[in-house]
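Here is what each chain is made of, one letter per residue.
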Amino acid sequence: MSNPSIHTVLRDSTLSANLRAIAEKVFAGDRISPEEGQVLFDEAPLGYLGALANFIREKRHGDKTYFNRNFHVEPTNVCLYTCTFCSYSRRIKKREDGWEYSLDDIMDIVKGYDDKPVTEVHIVGGVLPQYDVPFYTELFRRIRAHRPDLHVKALTPVEYHYIFKKAKISYEEGMALMKEAGLQSMPGGGAEIFHPEIRDQIAGGKCSGEEWLRIHEIWHELGMRSNATMLYGHIEEYRHRVDHLEKLRQLQDKTGGFQTFIPLKFRNKNNELSHLDESSVIEDLRNYAISRIYLDNFDHIKAYWPMIGRDTAQLSLAFGVDDIDGTIDDTTRIYSMAGGEQNPALSTEQLVKMIRAVGRHPIERGTLYEVIADYKDTEFADDKQYRGYTSLPVV
Ligand code: V47
Ligand code: SF4
């Protein structure tokens, strides 16, 4: 996949004055304004966006494309909140369809990976009263004691807000306790759309946009890192996406603690928003590209392949994305239930080949983007098949 270069875009005499001004800013490394972000969403064609986003991507990372080896643990799929987009929560009323793991159950899952070369466990799930501060601090302690090299990336401000309120402690006290217990980073979930016009309709009752941002800010102030997401393609308008990106960019200016931005495409199976159409692949690629252009202070843009599928993940690497998340190992149900990949698992070899097939340079990273293995020149047993060699029968 290749885009027109930014030089071709700048030479295009048919370009509108607005789009030209934005392209010139991007070429000069200048920041675009919220109004210009809105112009990109409203008017910019895919090829133009790809040229700008790829320019930024290659300036930052060249062809490097990151992935990690991780697995997910979802302590429960029962939740006392009722987000309308969520296909995952069994809700309190259908509790018999769900699972609720104990500390020992979760440790058994973690121990099941003892002989596997994974570097990260991603823990996130529903919100229920028994999953409280003592539960999670004990869990983090046990995992870290059992396997100190496994990075614990866990929970979102949705859970933290709930459990700290219940424990009657401040966000500051709570996040310090989590750090002390062994939490190493926070994933980007729960962000949805910050703007209350939308958030109140799709995720009413859980932490607000401001609270989500405040908990990340406190975590960053403790010297720790986290990710950010945006759930798009449902009932929001482009102005709500611009507002979301702007709030993230402002917080990142303040703390520098975000590593990666992950746009999450709304999937419409088995939830209360099933009547909505899903966004098109073109819209998904436009959204990745605008995210790359807008978030000039984020190092990485990630395409989460279990959600968008392998083909779009490959395409996204030409639209600003430099990370395609992990091997996952079939350990998350959030997306398959909502219409994503049915059995999300890819071996390292499959991920490496996916990245190479679109001309990029695969790098296995740790959670904090430390390089674990460079697969640029690694050969696999069957590589010769697609390099065009044909083995002749030996007579
Ligand atoms: O917050 C739930 C989303 C998020 C649906 O930080 C849905 O590395 C689309 O944040 N359609 C949780 N999205 C997952 C998440 C995540 C995933 C991968 C990596 C990282 C990271 C973070 O999933 C939720 C919500 O926004 N979600 N239901 C749905 N029907
Ligand atoms: Fe609960 Fe999270 Fe689903 Fe909302 S998105 S209902 S908080 S599991």
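Being a predicted model, the structure only gives us computed values, none of them experimental.

Enquirer: Can you lay out helix H7 (residues 157-167) for me, pointing to particular residues and giving the numbers?
Expert: Counting buried positions over the 11 residues of H7 gives eight, a clear majority of the element. All of the buried residues along H7 are Pro157, Val158, Glu159, Tyr160, His161, Tyr162, Ile163 and Phe164. Buried-residue contacts for H7 involve helix H6 (133-146), strand E4 (151-154), helix H8 (171-181), strand E5 (185-186) and helix H10 (209-221). Just past H7, the residue Lys168 takes up positive phi, approximately 55°.

Enquirer: I'd like to hear about the sheet that holds strand E11 (residues 371-374), residue by residue, with values.
Expert: Read from one edge of the open sheet, four strands run E9-E1-E10-E11, paired in mixed fashion. Two strands bound the open sheet, and with one partner strand each, they are strand E9 (323-326) and E11. Here the strands of the sheet are splayed against their neighbours by 30° on average, with no regard to which way each runs. Direction of pairing for strand E1 (residues 64-68) relative to E9: parallel, over a ladder of two bridges. By the bridge assignment, Tyr66 is partnered in E9 with Asp323. Its contacts with the sheet put helix H15 (residues 348-356) on E1, E9 and strand E10 (361-365), and the angle it makes with E1 is roughly 160°.

Enquirer: Give a detailed account of the domain arrangement of the protein chain, specifying residues and quantitative values.
Expert: When the parts of a complex come together, some accessible area is lost, and that lost area is often used as the size of the interface. Split into domains, the protein chain comes out as domain 1 (6-61) and domain 2 (64-391). Measuring from the centre of the C-alpha atoms in domain 1 to the corresponding centre in domain 2 gives 28 Å. Facing the 23 residues of domain 1 at the interface are 32 residues of domain 2. Taking both partners together, domain 1 and domain 2 bury about 2400 Å²; carbon and sulfur atoms supply 60% of that area. Ranking the residues of domain 1 by area buried against domain 2 places Phe41, Arg57 and His61 at the top, with a combined share of 35%. Our enumeration of links across domain 1 and domain 2 arrives at four salt bridges. Its salt-bridge partner being Asp299, residue Arg60 comes within 3.0 Å of it at the nearest N-O pair.

Enquirer: Account for the UniProt feature "binding site: S-adenosyl-L-methionine" (unreviewed entry) in the protein chain, naming residues and giving values.
Expert: Under the feature "binding site: S-adenosyl-L-methionine" (unreviewed entry), the UniProt entry names Phe85 and Glu192. In summary, the annotated positions, though distributed over 108 residues, converge in three dimensions, the widest C-alpha pair being only 9.7 Å. One can find Phe85 in the loop between strand E2 (70-73) and helix H5 (103-111). If we ignore the near neighbours within four places in the chain, the residues touching Phe85 are Glu192, Ile202, Ala203, Lys206, Leu231, Phe266, Asn271 and Leu273. With respect to the helices, strands and loops of the structure, Glu192 is situated in the loop between E5 and helix H9 (196-202). Given the relative accessible area of 8%, Glu192 is considered buried. In this structure Glu192 touches Phe85, Arg199, Ile202, Ala203, Lys206, Thr229, Met230, Leu231 and His244, once residues within four positions along its chain are discounted. Side-chain polar atoms of Glu192 contact the side chain of Lys206, separated by 2.8 Å.

Enquirer: Explain the site of ligand 2 to me, using residue names and the numbers behind them.
Expert: Near ligand 2 you find 10 residues, and of these Cys79, Tyr81, Cys83, Cys86 and Lys206 are the closest. Class assignment for the residues of the shell around ligand 2 results in seven nonpolar, two polar and one charged.

Enquirer: I'd like to hear about the pairing of E1, residue by residue, with values.
Expert: The buried count for E1 comes to four of five residues, which makes it a mostly enclosed element. Judged from the four bridges that link them, E1 and E10 form a sheet pairing that is parallel. Looking at E10, one finds that Phe67 is bridged to Glu364.

Rules of the game
Residues numbered from 1 in each chain as written. Chains lettered and ligands numbered in written order. Predicted model: local features only at pLDDT ≥ 70, side-chain atom pairs only at ≥ 80, totals over all residues. Heavy atoms only, no water. Buried < 20%, exposed > 50% of the residue type's maximum accessible area, 1.4 Å probe, protein only. Helix = DSSP H or I, 4+ residues; strand = E, 2+ residues; numbered from the N terminus. Contact = heavy atoms within 4.5 Å. Pairing = 2+ DSSP bridges. Axes fitted to C-alpha atoms, helices over the stretch in contact; angles between N-to-C directions. Domains from an automatic or database assignment. Buried area = accessible area lost by both parts, 1.4 Å probe. Salt bridge = Lys/Arg side-chain N within 4 Å of Asp/Glu carboxyl O. UniProt positions renumbered as here; feature names shortened; annotations may be inferred. Polar contact = N/O pair within 3.5 Å; in protein donor to acceptor, adjacent residues only side chain to side chain. Near = heavy atom within 4 Å. Nonpolar A, V, L, I, M, F, W, Y, C, P; charged D, E, K, R; others polar.

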